[in-house]
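Each chain is listed here by its residues.
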Amino acid sequence: MQTVPDCELRLATIDDIPTILTFIRELADYEHMLNQVVATEESLRYWLFDQRKAEVLLATWRDEPVGFALFFHNFSTFLGKAGIYLEDLYVRRHVRGTGCGKALLRKLAQIAVERGCGRLEWNCLDWNQPSIEFYLSLDAHPMDDWTLYRLTGDALNNLANS
């Protein structure tokens, strides 16, 4: 367990699913995307714990769950090693600036190093200036020459069935 004054971190268990879903909804609301959340406790149970496709670190501040980091392994063909992709990082507003967000990222970096990974990476919305400044303060570098592409819903099914 990692500790920053009053901030404790641990890997989530199946009993934490309701808390994880609450954080997902709070993050989506912050990002103005709450209407896009279709995750359920059942889908999280299946993908996180039955299929083990991702992991979740939970942050607790003074015995209150206050944030999470959901991550999974990816692979760099150029490095020839796995990496960690941080899908979501969220800390409740009233504890931002306490060190919990930094503790979550530090723990992810430690996990990446312990597992022999070559990198830790994530995306950030262009308008989220507080997060951008936070990431830059950690010496993270934006990948300006890359564009994220995505297939979902009908487009994904159309390509799969073509």
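Residues numbered from 1 in each chain as written. Predicted model: local features only at pLDDT ≥ 70, side-chain atom pairs only at ≥ 80, totals over all residues. Heavy atoms only, no water.

> Report on the nonpolar core, specifying residues and quantitative values.
Soluble, globular proteins show a tendency: their nonpolar side chains are buried together. Leu-57, Ala-69, Leu-89, Leu-104 and Leu-108 are the most contacted members of the largest nonpolar core, which totals 23 residues. Listed by contribution, the elements that provide at least two residues to this core are strand 2 (7-11), strand 3 (55-61), strand 4 (64-76), strand 5 (81-91) and helix 3 (100-114). Broken down by element, this core gets its largest block of residues, seven residues, from helix 3. In contact with Leu-104, not counting residues within four places along its chain, are Leu-9, Leu-57, Ala-59, Gly-67, Phe-68, Ala-69, Leu-89, Tyr-90 and Val-91. Grouped together as the second largest cluster of nonpolar side chains are 15 residues, Leu-48, Val-56, Leu-58 and Leu-70 included. (Core = buried A, V, L, I, M, F, W, Y, C linked by side-chain atoms within 4.5 Å. Buried < 20%, exposed > 50% of the residue type's maximum accessible area, 1.4 Å probe, protein only. Helix = DSSP H or I, 4+ residues; strand = E, 2+ residues; numbered from the N terminus. Contact = heavy atoms within 4.5 Å.)

> Hey, could you go over the pattern of salt bridges for me, with residue numbers and the actual values?
Summed over the entire model, instances satisfying the criterion amount to six salt bridges. A salt bridge links Arg-115 to Glu-55; its shortest N-O distance comes to 2.8 Å. Of this pair, Arg-115 sits in the loop between helix 3 and strand 6 (120-122) while Glu-55 sits in strand 3, placing them 60 residues apart in sequence. On the basis of relative accessible area, Arg-115 is assigned to the partly exposed category, the value being 38%. Judged by relative accessible area, Glu-55 falls into the partly exposed class, the value being 23%. (Salt bridge = Lys/Arg side-chain N within 4 Å of Asp/Glu carboxyl O.)

> Run through the environment of Ala-28, naming residues and quoting values.
The residue Ala-28 is located in helix 1 (residues 17-30) in this model. Separated by 62 residues in sequence, Ala-28 and Tyr-90 have C-alpha atoms that sit 9.8 Å apart. Apart from residues no more than four positions distant in its own chain, Ala-28 is found in contact with Met-33, Leu-34 and Val-37.

> Describe the packing of aromatic side chains, listing the residues and the values that go with them.
Tallied over the entire structure, the rule returns seven aromatic pairs. Relative to Tyr-90, the ring of Phe-23 has its centre 6.0 Å away and its plane inclined at 50°; by these criteria the two rings are tilted. Within this pair, whereas Phe-23 is found in helix 1, its partner Tyr-90 is found in strand 5, the two being separated by 67 residues in sequence. Each member of the pair Phe-23 and Tyr-90 is classed as buried. Geometrically, the ring pair formed by Phe-72 and Tyr-85 is tilted, given 5.4 Å between the ring centres and 40° between the ring planes. Of this pair, Phe-72 sits in strand 4 while Tyr-85 is found in strand 5, placing the two residues 13 residues apart along the sequence. According to the relative accessible area criterion, Phe-72 is partly exposed, its value standing at 27%. Looking at Tyr-85, the relative accessible area reads 15%, which means it is buried. (Phe/Tyr/Trp six-rings, centres within 6.5 Å; stacked < 30°, edge-to-face > 60°.)

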